[in-house]
Amino acid sequence: MLRINTLKRLTGTSLDGLNRTVFLTVVDAFFASAPYGFLYYILLDMLSDTPNLQHQFMLVLGCAGMMIVRVYLVRIIHLDISLIGFDAGKKIRQQLGEHLRKMPMGFFQRTDFGSVNNTLLKDIDMIERIFTHLYAPIIATTSVLCFFALGLLLKDWRMGVAMMSTLPLACLAYLLTRAYARKWQSHMQYLMHQLNDAVMEYMDGLKELKSYRMMGKAFSRLDDVLTATQQQSLKAEKAAVWPVYSFNVLVEAGLMVLLVALTWAWLEQTIALPEVLLFLIAAVRFFRPLLNMSMFLAELNYLDLAVNRVNDVLDQPTLQHGDSQPKLDDMTITFKGVNFSYPGAQQPLFENLDLSIPSNKVTALVGPSGSGKSTIASLIARFWQLDSGEISVGTGTGKVDIANMPVEYWLQHLSIVFQSNYIFNDTLANNLRVAKADASDEELWRVIELAKLKNLVLDMDLGLDTEIGAGGMHLSGGEKQRLSIARALLKDAPFVILDEATASLDPENERDIQIAMQALVQEKTVLVIAHKLTTIQYADHILVLDKGKIIEQGEHCQLLNNQSLYSELWNLQQQAQSWHLAV
Ligand SMILES: Nc1ncnc2c1ncn2[C@@H]1O[C@H](COP(=O)(O)OP(=O)(O)OP(=O)(O)O)[C@@H](O)[C@H]1O
């Protein structure tokens, strides 16, 4: 009932200690039910012609003893199940995190961040909560019901049957209405994800929305989702009531049947007073947990939905990779017959693309906007899965398909500086140590100096320990850029990718960054992606890309002489330098 196998699959473990907890819960349920048997004998004794006080006292003492044992048992069960639940939650989070790490960027593009966020936080929290709060009560309630049903059937099968006569009908009604409620619950979850995404998008785009006077209702996507969520949640609430409501009404109808049966048997004189009293008391004890059970079952619907969403993420294919970890001395990168399309794109971006990036040289990749430059860098960094073809590193017999190595191993050989780089909400030192966890302070200062950040850090009160990012000091675009160059310097990887690293910077910043980059690219294999051709004119090798194809390659002078796309772009940029805005 509790989909333990599914949870075992999600946690990837055997949920240690669960069997002991189940056993203790059943024992506890027995101790919870047994006093009702004692009560019957107390009643019998009380109503007999010769009541025996000592006998009754012993029975009461027996009940008290069971209660004391139960206090101890309940404490152990609660502790055990909490530990198992938290551990399961931790393991599911770890497993999901590990899986997400191995997934191509395409997943994050197709799936809104809000949904991933919801699955990582809310869904797992739901699984953990249901596990820690519902697992033991459900087993306990089921066991109590079984003990009671068995005891009462043995005592007087006619009354037992009467009491449980409506149960099959209640279960049937529950199952029939559950499908309807589930449809709504699932729709509501979808709307909540949409709402989450719309709120995140609203917050992210606040600056743009403000500048275009699109705040509040004017941002219709958020407004539409808010209205839809409000309208539909009422319907969903109504739908969710049906399984619980129909189950409860039909179960309670069993009490009526019992009363009729008891009255009939009493009039027929086929039942004695102690039995009548016993069944009346037991009915209260029997129906209450049964009604609780319907609430538990309703909660289990949410568990199913949460588990399905976690499974959806876990079933997404990860990036294919091999296990080979060769020593890579030659960093020549070769694309051979590479085919690649973005998910959902109408046509492939690269068809049969061949190119080569020589080792220990600076190669520049230029071309019009949208020609595919950044995608080439992303494919080298294994952010995406190729449709077909091969990207290899090395030459001759030492050549290795980068897909044959674990992604992490391959990424150890790369440093990438993007145009916009992420700054973690942490200290400056920790932001740098992302590149090398065990770097000493001396190493940090060395790269800070090379990245032209020394004066900035010296001006900070706490130096390397200054909080930067969201919770601390905010850095300018140029400072962030130099910080990411410092990170790359610290990593000291043999292959460096600079993707528009100097775009949109002022001349002073650009000069500082050029100096920092000179330090970064020393004796490395470098791929520079740049719009501004002046920044790459001295590159050893220039690849000109247009609409996903390499249409020219060579050195700057050679390409100028070709009088083709490169020289066209060069001339346009030279002319652009004399442009100015006039009013
Ligand atoms: N994540 C993505 N999902 C879908 N399509 C994408 C994605 N990234 C880029 N594209 C598309 O692929 C094509 C190549 O994009 P890419 O960013 O590689 O070009 P680029 O040459 O680097 O452009 P720019 O110089 O403007 O940065 C473009 O048509 C772009 O719209």
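What counts as what
Each residue is numbered by its place in its chain's sequence as written, counting from 1. For a predicted model such as this one, the threshold for reporting local features is a pLDDT of at least 70, and the threshold for listing and counting side-chain atom pairs is 80 or more; totals across whole chains, interfaces and linings nevertheless cover every residue. To obtain the side-chain values, all non-hydrogen atoms of the structure were used and water was disregarded. The way it works is that DSSP assigns letters per residue, a run of H or I at least four long becomes a helix, a run of E at least two long becomes a strand, and they are numbered from the N terminus. Buried means the residue's accessible area, taken with a 1.4 Å probe over protein chains only, is under 20% of the maximum for its type, while exposed means over 50%, and partly exposed covers the values in between. The contact criterion used throughout is that any non-hydrogen atoms of two residues lie within 4.5 Å. Accessible surface area values rest on a Shrake-Rupley calculation with a 1.4 Å probe, where residue burial reflects the displayed protein chains alone. Pairs of strands are assigned from DSSP output, requiring at least two bridges between the strands. UniProt positions are given in the numbering used here, feature names are shortened, and annotations may be inferred rather than shown by experiment. Here a helix's expected span is defined as the number of its residues, less one, multiplied by 1.5 Å. Two axes enter the definition of the bend at a residue: one is fitted to the seven residues ending there, the other to the seven starting there, and the bend is the angle between them. Every angle, taken between N-to-C directions, lies between 0 and 180 degrees, and every axis is a line fitted to C-alpha atoms, over only the stretch in contact when it is a helix. Oblique is the label for every angle not falling under 35 degrees (roughly parallel), over 145 degrees (roughly antiparallel), or within 65 to 115 degrees (roughly perpendicular). By definition, any crossing whose near helix is turned counterclockwise from its far helix by less than a right angle is left-handed, and any crossing with a clockwise turn is right-handed. Amino acids outside the nonpolar list (Ala, Val, Leu, Ile, Met, Phe, Trp, Tyr, Cys, Pro) and the charged list (Asp, Glu, Lys, Arg) are all regarded as polar, and Gly is one of them. To count toward a patch, a residue needs a relative accessible area over 30% and no salt bridge; like charges are then connected within 9 Å, while nonpolar side chains (Val, Leu, Ile, Met, Phe, Trp, Tyr) are connected within 5 Å. Only one rule defines a salt bridge in this text: a Lys or Arg side-chain nitrogen within 4 Å of an Asp or Glu carboxyl oxygen. Between the rings of Phe, Tyr and Trp (Trp by its six-membered ring), a pair exists once the centres lie within 6.5 Å; its type follows the angle of the planes, with under 30 degrees stacked, over 60 edge-to-face, and the other angles tilted. As used here, the arc belongs to the directions running from the helix axis to the C-beta atoms. To qualify as a nonpolar core, a set must consist of buried Ala, Val, Leu, Ile, Met, Phe, Trp, Tyr and Cys residues joined through side-chain atoms within 4.5 Å.

1. What to know about the overall build of the chain
Logical step 1: When its secondary structure is counted, the chain shows 19 helices and 12 strands.
Logical step 2: Looking at the chain residue by residue over its 583 residues, the buried ones come to 46%.
Logical step 3: Considering only residue pairs separated by 6 or more positions, the chain has 77% of its internal contacts joining residues 24 or more positions apart.
Logical step 4: Counting only carbon and sulfur atoms, one obtains 59% of the accessible surface of the chain, whose full area is about 31,000 Å².

2. Digging into the side chain of T229
Logical step 1: Mapped onto the fold, T229 is located in helix α9 (residues 220–267).
Logical step 2: Given a relative accessible area of 8%, T229 falls into the buried group.

3. Here we look at the pairing of strand β1 (residues 333–340)
Logical step 1: When you tally the buried positions in β1, you get six out of eight residues, the bulk of the element.
Logical step 2: In the sheet, β1 pairs with strand β2 (residues 350–357) via five bridges, with the strands oriented antiparallel. Note that in β2 the partner of T334 across the bridge is S356.
Logical step 3: Here five bridges tie β1 to strand β4 (residues 388–393), and the two strands are oriented antiparallel to one another.

4. Notes on the UniProt feature "transmembrane region" (unreviewed entry) in the chain
Logical step 1: The positions that UniProt labels "transmembrane region" (unreviewed entry) are, in the present scheme, residues 21–43, 55–73, 134–154, 160–181, 240–265 and 271–287.
Logical step 2: Measuring from the first to the last C-alpha atom of residues 240–265 gives 39 Å, for a span that is 100% helix and 0% strand.

5. Focus on helix α7 (residues 167–204)
Logical step 1: If you check α7, its first and last C-alpha atoms are 53 Å apart, about what 38 residues at 1.5 Å a residue would give, namely 56 Å.
Logical step 2: When the local axis directions of α7 are compared, the greatest deviation, roughly 30 degrees, occurs at R178.

6. Quick look at the environment of G370
Logical step 1: Its location among the elements puts G370 in the loop between β3 (362–366) and α11 (373–380).
Logical step 2: Using a relative accessible area of 66% as the deciding quantity, one classes G370 as exposed.
Logical step 3: As for G370 and L349, which are separated by 21 residues in sequence, their C-alpha atoms are 9.6 Å apart.

7. Topic: the packing of helix α2 (residues 18–47) against helix α10 (residues 273–314)
Logical step 1: Taken N-terminus to C-terminus, the directions of α2 and α10 make an angle of 155 degrees; their axes are 9 Å apart at the nearest point. With respect to α10, the axis of α2 lies roughly antiparallel. For the crossing formed where α2 meets α10, the hand is right-handed. Two secondary-structure elements touch here, α2 through A32, Y36, L39, Y40, L43, L44 and L47 and α10 through L273, P274, E275, L277, L278, I281 and R285.
Logical step 2: Looking at side-chain class alone, the contact of α2 with α10 contains 12 nonpolar, no polar and two charged residues.

8. Here we look at a nonpolar patch on the surface
Logical step 1: Among the surface-exposed residues, M46, L47, W266, L267 and L273 lie close enough to one another that they form a single nonpolar patch of about 520 Å² accessible area.
Logical step 2: For the nonpolar patch, the secondary-structure elements that each account for two or more residues are α2 and α9.
Logical step 3: Positionally, M46 belongs in helix α2.

9. Regarding the packing of helix α6 (residues 157–164) against α10
Logical step 1: Where α6 meets α10, the axes come as close as 12 Å, and the angle between the chain directions of the two elements is 35 degrees. Like other packed secondary-structure pairs, α6 and α10 cross with a definite hand, here right-handed. The segment α6 lies against α10, with M159, G160, M163 and M164 engaging F279, A283, F286 and F287.
Logical step 2: Looking at the contact of α6 with α10 residue by residue, the class counts come to seven nonpolar, one polar and no charged.

10. A word on the packing of aromatic side chains
Logical step 1: This model, assessed by the stated rule, comprises 11 aromatic pairs.
Logical step 2: Aromatic pair Y174 and F247: ring centres 6.0 Å apart, planes at 75 degrees, arrangement edge-to-face. Pair noted here: Y174 is in helix α7 and F247 is in helix α9, with a separation of 73 residues, a long-range link.
Logical step 3: With centroids separated by 4.9 Å and ring planes inclined at 85 degrees, the aromatic side chains of Y342 and W384 adopt a geometry described as edge-to-face. Residue Y342 is found in the loop between β1 and β2, and its partner W384 is found in the loop between α11 and β4; the two are separated by 42 residues along the sequence.
Logical step 4: Counting every residue linked through ring pairs, the aromatic cluster contains F30, F31 and F147.

11. Remarks on the sheet that holds strand β5 (residues 400–401)
Logical step 1: If you walk across this open sheet you meet the four strands as β2-β1-β4-β5, and the pairing is antiparallel. A single partner strand is all that each edge strand has here, and the edge strands are β2 and β5.

12. Description of helix α14 (residues 441–450)
Logical step 1: Residues of α14 that are buried include every one of L444, V447 and I448, and no others. The buried residues of α14 occupy an angular sector of 105 degrees when projected down its axis, which confines them to one face.
Logical step 2: Looking at the packing, one finds that the buried side of α14 touches α13 (428–433), α15 (454–459) and α16 (477–491).
Logical step 3: Once α14 ends, the next one or two residues include K452, with phi positive near 60 degrees.

13. A few points about the nonpolar core
Logical step 1: If you look at the biggest cluster of nonpolar residues, it comprises 50 residues, and the most contacted ones within it are M159, M163 and F286.
Logical step 2: Those elements giving two or more residues to this core turn out to be α2, α3 (53–101), α5 (113–155), α6, α7, α9 and α10.
Logical step 3: Among the elements that make up this core, the one with the highest residue count is α10 (18 residues).
Logical step 4: Among all residues touching F286, those that are not within four sequence positions of it are L145, F148, A149, M163 and M164.

14. Focus on the sheet that holds strand β9 (residues 495–499)
Backbone-to-backbone hydrogen bonds join strands into a sheet, with any given pair of strands oriented parallel or antiparallel.
Logical step 1: As summarised here, the arrangement of the six strands in space is β6-β9-β10-β3-β11-β12, forming an open sheet in which the pairing is mixed. Every other strand in the sheet has two partners, leaving β6 (414–417) and β12 (549–554) as the edge strands with one partner each. Shown here is a sheet whose adjacent strand axes are inclined to one another by a mean of 20 degrees, direction ignored.
Logical step 2: As paired elements, β6 and β9 share four bridges and run parallel to each other.

15. Concerning the pattern of salt bridges
Two side chains of opposite charge can pair, provided their charged atoms sit close to one another.
Logical step 1: Using the criterion set out here, one finds 14 salt bridges in the structure.
Logical step 2: Across the pair E408 and R101 runs a salt bridge, and its minimum N-O distance is 2.3 Å. Taken together, the positions of E408 in helix α12 (residues 407–411) and R101 in helix α3 put the pair 307 residues apart, joining distant regions of the chain.
Logical step 3: The salt bridge partner of R309 is D123, with a shortest N-O separation of 2.7 Å. Taken together, the positions of R309 in helix α10 and D123 in helix α5 put the pair 186 residues apart, joining distant regions of the chain. The same class applies to R309 as to D123, namely buried.
Logical step 4: Overlapping salt bridges, with partners in common, bring together E98, R101, K102 and E408 in one network.

16. Concerning the environment of L428
Logical step 1: Assignment of secondary structure puts L428 in helix α13.
Logical step 2: What makes L428 buried here is its relative accessible area of 3%.
Logical step 3: Between the C-alpha atoms of L428 and T466, which are 38 residues apart in sequence, the distance is 5.7 Å.
Logical step 4: With sequence-adjacent residues up to four places away left out, L428 is seen in contact with I448, V457, M460, G463, L464, T466, I468 and L483.

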